[in-house]
Number of protein chains: 2
Amino acid sequence: MRHFILASTSTLFGEAYLAYLQPAMRALYAGVEEIVFVPFARPGGISHDDYTSRAAEAFGEMGIRVRGLHTFDDPAAAIKNARGFFTGGGNTFLLVKQLHEQGLMPVLRDAVNNGAPYMGCSAGSNIGGVTMQNTNDMPIVYPPSFETMGLIPFNLNPHYLDPQPGSQHMGETRETRIREYHTQNTTPVLGLREGSWIYAQGDTLTLKGTLSARIFEAGKDPYELPAGSSLIHLK
Amino acid sequence: MRHFILASTSTLFGEAYLAYLQPAMRALYAGVEEIVFVPFARPGGISHDDYTSRAAEAFGEMGIRVRGLHTFDDPAAAIKNARGFFTGGGNTFLLVKQLHEQGLMPVLRDAVNNGAPYMGCSAGSNIGGVTMQNTNDMPIVYPPSFETMGLIPFNLNPHYLDPQPGSQHMGETRETRIREYHTQNTTPVLGLREGSWIYAQGDTLTLKGTLSARIFEAGKDPYELPAGSSLIHLK
């Protein structure tokens, strides 16, 4: 049974790392004693070891051990044998480049589709979509492809932001950027606000948290979908 | 003699398209009767024709005719024969993909290095840098390379924004994104605020406008460079 969380952000303002997600994580990782952490997105350039330590601390509170994927001699085998996964946020280009160059993207996808519980935050959620093409990140490295795991049949825009009333900044709003995407592509995009996450359990796919999500489909006006909505028809 | 403008934005809040740049453009295009417009960045998905019309209107006020690069049967020859260029803003990934796929990036670079006046705004300025890797844009298409013209020996971050005091949004600030770039690359980055532009004339390279720019060099703390500063030492 597929079982995963794709969250907009790891951390809410003023809260501890992963704090708001802990109830959902306890359900996701029930019975799991150790997970593999994918540290490749390296927020702020943090090292793989330091990032893994940060994750280990948060998971330790739930009695779950964490091993960094970078520590295995055979990372593909490590993924196949893992009882669960967490991919942290950071730079999506860096994360996707590492996964593709090491041939791990399809291995991770298959493991999750075969039932290993997975959680991603921000960049780690972007790779749950069809492609990483709705990331907010800067292209600091050149990945061999923008394709990602496709755990869901649409793309995510994490940290979704509404246009700021009264702003005098002339850069594009998030909505403009996603609409530009749909001049070139047809995959739907879900704008996932901070505090929201997508929860998949078996055949269900649900928008969790207290906020609505903004849905962008090619050729349609964007619209809001309330928290608690099923997402199984979005494709 | 090399002669070009790389501007942060085409338009200031509440002003007409290119209005604040017109004095600088009169100097740049002195004696030029027709320019070639590169419409490939397509802001908001506008068509090549409509985007060219928008540029033609602004240039018409200065008595300069505009032809869209997309209208030529042989765009490489059109670039070689052109008396001047303007590349409009929009999506940098789309612009760079088109230029690379048509083999036009080095042709345009050579024309500018041989003395044809060039102006870029936003995405059109990003391609003046060494690579497009400090764009703010969404990766809506996959370009064959992130390399750009290298008219200047550093990269630009147009529409540069300072961190917002009191923001509760947990997405990365512009500064964090550029610092992440420098965990993977050594090319300096100039954060170009709206209303600022870089002006090259012969061997000079100057920060124009009234605002300072924020300079990011690998391994150094970022710092401010005042308007009017020479940029010839930044490499």
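Calculation notes
Residues numbered from 1 in each chain as written. Chains lettered and ligands numbered in written order. Predicted model: local features only at pLDDT ≥ 70, side-chain atom pairs only at ≥ 80, totals over all residues. Heavy atoms only, no water. Helix = DSSP H or I, 4+ residues; strand = E, 2+ residues; numbered from the N terminus. Rg over C-alpha atoms; globule rule 2.2 N^0.38 Å. Buried < 20%, exposed > 50% of the residue type's maximum accessible area, 1.4 Å probe, protein only. Contact = heavy atoms within 4.5 Å. Salt bridge = Lys/Arg side-chain N within 4 Å of Asp/Glu carboxyl O. Least-squares fit on C-alpha atoms with pLDDT ≥ 70 in both. Buried area = accessible area lost by both parts, 1.4 Å probe. Pairing = 2+ DSSP bridges. Phe/Tyr/Trp six-rings, centres within 6.5 Å; stacked < 30°, edge-to-face > 60°. Lys NZ or Arg CZ within 6 Å of the ring centre and 35° of its normal. Axes fitted to C-alpha atoms, helices over the stretch in contact; angles between N-to-C directions.

Under an unreviewed UniProt entry, the name given to chain A is Dipeptidase E, and the source organism is Chitinophaga ginsengisegetis.

(A) Structural view of the overall build of chain A. Check the secondary structure of chain A and you find 7 helices and 11 strands. Relative to the compact-globule value of 18 Å for 235 residues, chain A shows a C-alpha radius of gyration of 17 Å, a close match. Once the C-alpha set of chain A is aligned to its principal axes, its extents read approximately 50 × 35 × 35 Å. When each of the 235 residues of chain A is scored for burial, the buried share is 60%. Across chain A, every contact between residues at least 6 apart in sequence was considered, and the portion connecting residues at least 24 apart equals 68%.

(B) Main features of the environment of V107 of chain B. All names here are of chain B. Summarising the element assignment, V107 is placed in helix α5 (residues 105-113). Here the alpha-carbon distance between V107 and Y142, two residues 35 residues apart in the chain, equals 21 Å. Apart from residues lying up to four places away in sequence, V107 is in contact with A76, I79 and K80.

(C) Quick peek at the pattern of salt bridges. Residues and elements named next belong to chain A. The final tally for this structure, using the stated rule, is 24 salt bridges over all chains. Its salt-bridge partner being R179, residue E175 comes within 3.4 Å of it at the nearest N-O pair. A residue pair is termed a helical-turn pair when its members lie 3 or 4 positions apart in one helix, as E175 and R179 do in helix α7 (residues 174-181) at 4 residues. A relative accessible area of 17% means that E175 is categorised as buried. Through salt bridges with shared partners, a single ionic network connects D162, E175, R179, R193, R214, D221 and E224.

(D) Quick look at the relation of the copies chain B and chain A. Mapping chain B onto chain A leaves a residual RMSD of 0.0 Å; the transformation is a rotation of 180° accompanied by 0.0 Å of translation along its axis. Here the symmetry operator amounts to a two-fold rotation axis. In this assembly the copies share their binding face: 100% of the residues contributing to the interface of chain B also contribute to that of chain A.

(E) Structural context of the interface of chain B and chain A. Across the contact, 46 residues belong to chain B and 46 residues belong to chain A. Between chain B and chain A, the buried area comes to about 3800 Å², and carbon and sulfur atoms account for 59% of it. Three residues stand out in chain B for area buried against chain A, namely M138, Y142 and M170 of chain B, and they jointly supply 19% of the buried area on that side. Viewed at the interface, chain A and chain B are joined by 2 salt bridges. The salt bridge partner of R177 of chain B is D137 of chain A, with a shortest N-O separation of 3.5 Å.

(F) Looking closely at the pairing of strand β5 (residues 118-121) of chain B. Residues and elements named next belong to chain B. Where burial is concerned, the two faces of β5 agree: the one with Y118 and G120 and the one with M119 and C121 are both buried. The sheet contact formed by strand β1 (residues 3-7) and β5 spans 4 bridges and is parallel. Each residue of the ladder has a partner; that of L6, found in β5, is G120.

(G) Region of the structure containing the packing of aromatic side chains. Scanning all chains against the criterion turns up 20 aromatic pairs over all chains. On the numbers, 4.7 Å between centres and 85° between planes, the contact of Y142 of chain A with F146 of chain B is edge-to-face. Taken together, the residues Y142 of chain A in the loop between α6 (123-126) and β6 (155-157) and F146 of chain B in the loop between α6 (123-126) and β6 (155-157) connect one chain to another. These aromatic residues form a ring-pair network of at least three members: F93, Y142 and F146 of chain A together with F93, Y142 and F146 of chain B. For the cation-ring pair, R54 of chain A lies above Y17 of chain A, with the distance from its terminal atom to the ring centre recorded as 5.8 Å.

(H) Looking closely at the pairing of strand β9 (residues 204-208) of chain B. For strand β8 (residues 197-201) of chain B and β9 of chain B, the ladder comprises 5 bridges, and the chain directions are antiparallel. Each bridged residue has a counterpart across the sheet, and for Y199 of chain B the counterpart in β9 of chain B is T206 of chain B.

(I) Layout of the sheet that holds strand β2 (residues 34-38) of chain B. Residue and element names in this part refer to chain B. In space, the 7 strands of this open sheet follow the order β3-β2-β4-β5-β1-β8-β9, with mixed pairing throughout. Because the sheet does not close on itself, it has two edges, and the strands there are β3 (65-68) and β9. The mean inter-strand angle of the sheet, taken between neighbouring strand axes irrespective of direction, is 20°. Strand direction decides the pairing type here: β2 and β3, joined by 4 bridges, are parallel. Bridging across to β3, E34 finds its partner in R65.

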